[in-house]
Amino acid sequence: MAIASRRKSPQAPARTARWADPGSKSAQLFARAQGVLPGGNSRTTVYMAPYPPYAASGEGCWITDVEGDRRLDCLNNYTALMHGHAHPAIVEAATRRLGLGASFPLPTPEEIELAAVLCERLPSAERVRFTNSGSEAVMIALKGARAFTGRPKIAKFEGAYHGSYDYAEVSLSSAPDTWGSLAAPASTAYSRGTPPAVLEDVVVLPFNHLEHTVARIEREARHLAAVLIDPVPNRVGLVPAQSEFLKAVREVTRAHGIVLIFDEVISFRVGFQGAQGALGVTPDLTTLGKIIGGGFPVGAVAGRAEVMAVFDPTGGKPAAPHGGTFNANPVTMAAGLAAMRLLTPEAFAKLDELGAKLRGSLEACFKRAGVPGAVTGQGSLFRVHPTDRELVDYRSTRTTPEEEARLQRLIRGLMERGVLMSITGLGCLSTPMGDAELEGLTETFAAVLETERAPR
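Residues numbered from 1 in each chain as written. Predicted model: local features only at pLDDT ≥ 70, side-chain atom pairs only at ≥ 80, totals over all residues. Heavy atoms only, no water.

*Asks:* Sorry, what's going on with the side chain of Thr188 here?
*Replies:* Within the element layout of this structure, Thr188 appears in the loop between α6 (166–169) and α7 (196–200). What Thr188 contacts, discounting residues up to four positions off in sequence, is Val170, Ser171, Ser174, Thr178 and Leu199. (Helix = DSSP H or I, 4+ residues; strand = E, 2+ residues; numbered from the N terminus. Contact = heavy atoms within 4.5 Å.)

Listed below in structure tokens is the structure:
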């Protein structure tokens, strides 16, 4: 076991750094990848300088890389794997369905079954439509909202990530010299070449600032088709929306006939009924992905039947046509159905308990080490911050260069000692984890923080 165990001193956990050697298998794979992939990469999020370790296999809550080193997986493919790797029930369901055919130009029964489970659990879901990713789900939800309202603009929150789509990426990485006032944040481009018209059609709102948000929605209401919000936004520091703030957004959107969209691609994992169930606010539409596919590519839009009717082709051309060769792929549907059935209220209760315990333990590590830091999150989600200031919105969670350097040393140190987390500080738990894994993680975290105490 690479991670520090309870019997080892936290000053000397086992090393898992062979991938970083110049002649490693990962180095060779990266060199080859650079000849066929831009930067040797298909996902910006998995890149780390000078190159990442390459995965060979996974089992439960552990990943083994091509060097043979094993790490505790506290990222779970960016929160998608609620049950870790190669869960027998999910493997069996996908394999059985694959043996009957991988995809068809016809619907399959599995699509109905998974949609029914989502409708049973999600307060906002009366109808469901499947896509192939969370990014696609957001694209289709915005398209549907425009079709339903006949309005052109959308509103989203500063710093929030909603996938790879021009409109959803607006103001994802605003900086102090570009972000404008808190009352009316500027619309800034994330990707070079974003058309000015896209920026003009996106109204940016300040997360967790009730009065500013309500006032700006009311000023723009007659043009707004939708307000898009992640109730527990990862890129806004994994700081949950304040209850009164979220209720106020619901009230003002309802008053002006604006479609309220919750992006629960990540936050659906915080409870049996998602974040909307935990927070007690029901949107018009919800975008989903990640955990509902059992480890396979998936996305979905769920919501009120009246709004979802814009996709209905039974009466002729729908208001918002929507196709996709792999939408509701039967292998994904079978795997997702198995994964969701394993997520009982009892499974969520265990993850909630472990998540709360871990966040408290990691914060205690910061205090004992005398290193500035905080840990946010909800349910099975956690995020490490290299600062101890109050965290309420994007601007307060945005790291300074010094803080970012400290965070990267921490994440790299964990990687070299048997723990995998995102370079942003994001982490999550999976159902195969228990107290032993969390205790080992906490000891390793403490050991890495000790290096920050030493003279640099």
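*Asks:* Before we go on, may I ask you to explain helix α15 (residues 401–415) in this structure?
*Replies:* Count 3.6 residues to each turn of an α-helix, and residues three or four apart come out pointing the same way. Here α15 is 15 residues long and its end C-alpha atoms lie 21 Å apart, about the 21 Å a rise of 1.5 Å per residue gives. Three or more residues of α15 are buried, namely Glu403, Arg406, Leu407, Leu410, Ile411, Gly413, Leu414 and Met415. (Expected span 1.5 Å × (residues − 1). Buried < 20%, exposed > 50% of the residue type's maximum accessible area, 1.4 Å probe, protein only.)

*Asks:* Whenever I open this one, the side chain of Asn76 confuses me. Can you help?
*Replies:* Mapped onto the elements, Asn76 comes out in helix α2 (residues 76–79). In this structure Asn76 comes out as buried when scored by relative accessible area, which is 0%. Those residues in contact with Asn76 that lie beyond four places of it in its chain are Leu81, Gly84, Cys428, Leu429, Ser430 and Met433.

*Asks:* Where do I start with the environment of Ala93 in this structure?
*Replies:* Assignment of secondary structure puts Ala93 in helix α3 (residues 88–98). Distance from Ala93 to Ala27, taken between C-alpha atoms, is 35 Å for residues 66 residues apart in sequence. Ignoring any residue separated from it by four or fewer positions in sequence, one finds Ala93 in contact with Ala334 and Ala338.

*Asks:* How should I be thinking about the packing of aromatic side chains in this particular structure?
*Replies:* Each pair of aromatic rings is reported with the distance of its centres and the angle of its planes. One pass over the structure, following the stated rule, counts 9 aromatic pairs. Here Phe207 and Phe245 contribute two aromatic rings whose centre-to-centre distance is 5.7 Å and whose plane-to-plane angle is 70°, an arrangement assigned as edge-to-face. In this pair, Phe207 sits in the loop between β6 (202–205) and α8 (210–220) while Phe245 sits in helix α9 (residues 243–255), placing the two residues 38 residues apart along the sequence. Residue classification places Phe207 among the buried positions, given a relative accessible area of 2%. Accessibility expressed as a relative area gives 1% for Phe245, which makes it buried. (Phe/Tyr/Trp six-rings, centres within 6.5 Å; stacked < 30°, edge-to-face > 60°.)

*Asks:* Sorry, what's going on with the packing of helix α4 (residues 109–121) against helix α12 (residues 330–342) here?
*Replies:* Describing two packed helices takes the angle between their axes plus the distance from one axis to the other. At their nearest, the axes of α4 and α12 sit 8 Å apart, and the two run at 35° to each other. Between α4 and α12 lies a crossing whose hand is left-handed. Between α4 and α12, the residues in contact are Glu110, Glu111, Glu113, Leu114, Val117, Leu118 and Arg121 and Pro330, Met333, Ala334, Gly336, Leu337, Met340 and Arg341, respectively. Its residues placed into classes, the contact of α4 with α12 shows 8 nonpolar, 1 polar and 5 charged. (Axes fitted to C-alpha atoms, helices over the stretch in contact; angles between N-to-C directions. Left-handed = near helix turned anticlockwise from the far one by under 90°. Nonpolar A, V, L, I, M, F, W, Y, C, P; charged D, E, K, R; others polar.)

*Asks:* Help me understand the sheet that holds strand β1 (residues 55–59), please; the structure alone is not making it clear to me.
*Replies:* Pairing between the strands of a sheet is mediated by backbone hydrogen bonds and can be parallel or antiparallel. On the basis of which strands lie adjacent, the open sheet formed by 4 strands has the order β1-β2-β3-β13 and mixed pairing. Strands with a single pairing partner mark the edges of an open sheet, and in this sheet they are β1 and β13 (419–420). (Pairing = 2+ DSSP bridges.)

*Asks:* Help me understand the state of the cysteines in this model?
*Replies:* Evaluated as defined, the whole model comprises 0 disulfides. Cys365 forms no disulfide, and the closest cysteine sulfur to it belongs to Cys74, at a distance of 13 Å. Looking at Cys365, the relative accessible area reads 3%, which means it is buried. (Disulfide = S-S within 2.5 Å.)

*Asks:* Quick question: what am I supposed to make of unusual backbone geometry here?
*Replies:* For residues that are not glycine, phi is negative in most cases, and the peptide bond is trans in most cases. Omega for the bond connecting Ala49 with Pro50 falls within 30 degrees of zero, at -5°, which places this linkage in the cis form. On the secondary structure map, Pro50 appears in the loop between α1 (25–33) and β1. Positive phi is not limited to glycine here, since Thr79 has a value of about 80°. Within the fold, Thr79 resides in helix α2. The phi torsion at Ala328 lies on the positive side, around 55°, for a residue other than glycine. Its place among the elements puts Ala328 in the loop between α11 (305–308) and α12. On the accessibility criterion, Ala328 (8% relative accessible area) is buried.

*Asks:* Is there a simple way to explain the nonpolar core in this structure?
*Replies:* For soluble globular proteins, the rule of thumb is that nonpolar side chains tend to be buried together. If you look at the biggest cluster of nonpolar residues, it comprises 49 residues, and the most contacted ones within it are Phe130, Ile292, Phe382 and Phe445. Elements that contribute at least two residues to this core include exactly α4, β10 (299–303), α12, α13 (345–369), β12 (381–385), α15 and α16 (435–453). Per-element accounting of this core gives the leading share, 8 residues, to α13. In this view, Ile292 contacts Leu114, Leu118, Phe130, Phe268, Val298, Gly299, Ala300, Gly336 and Met340; residues no more than four positions away in its chain are not counted. (Core = buried A, V, L, I, M, F, W, Y, C linked by side-chain atoms within 4.5 Å.)

*Asks:* What is the right way to read the packing of α3 against α12 from this model?
*Replies:* Viewed as axis vectors pointing N to C, α3 and α12 meet at an angle of 155°, and their least axial separation amounts to 8 Å. The orientation of α3 relative to α12 falls into the category roughly antiparallel. The crossing of α3 and α12 is right-handed. Of α12, the residues touching α3 (which contributes Ala89, Ile90, Ala93, Ala94, Arg97 and Leu98) are Pro330, Val331, Ala334, Ala335, Ala338, Ala339 and Leu342. Residue composition of the contact of α3 with α12, by class: 12 nonpolar, no polar and 1 charged. (Parallel < 35°, antiparallel > 145°, perpendicular 65-115°, else oblique.)

*Asks:* Please clarify how the sheet that holds strand β11 (residues 374–376) should be interpreted in this entry.
*Replies:* One open sheet accounts for 3 strands, arranged β11-β12-β14; its pairing is antiparallel. Each having just a single partner strand, β11 and β14 (426–428) make up the two edges of the open sheet. When the angles between neighbouring strand axes are averaged without regard to direction, this sheet yields 25°. As paired strands, β11 and β12 are joined by 3 bridges and run antiparallel to one another. Paired with Val375 across the two strands is Val384, which belongs to β12.

*Asks:* How should the environment of Leu142 be read in this particular structure?
*Replies:* Along the chain, the position of Leu142 falls in helix α5 (residues 134–149). Take Leu142: its relative accessible area is 0%, and that puts it in the buried class. The spacing of Leu142 and Ala168 is 26 residues in sequence and 9.1 Å in space, taken between C-alpha atoms. Leaving out residues up to four positions away in the same chain, Leu142 has contacts with Ile154, Tyr165, Ala226 and Ile261.

The analysis is restricted to geometry; functional conclusions fall outside its scope.
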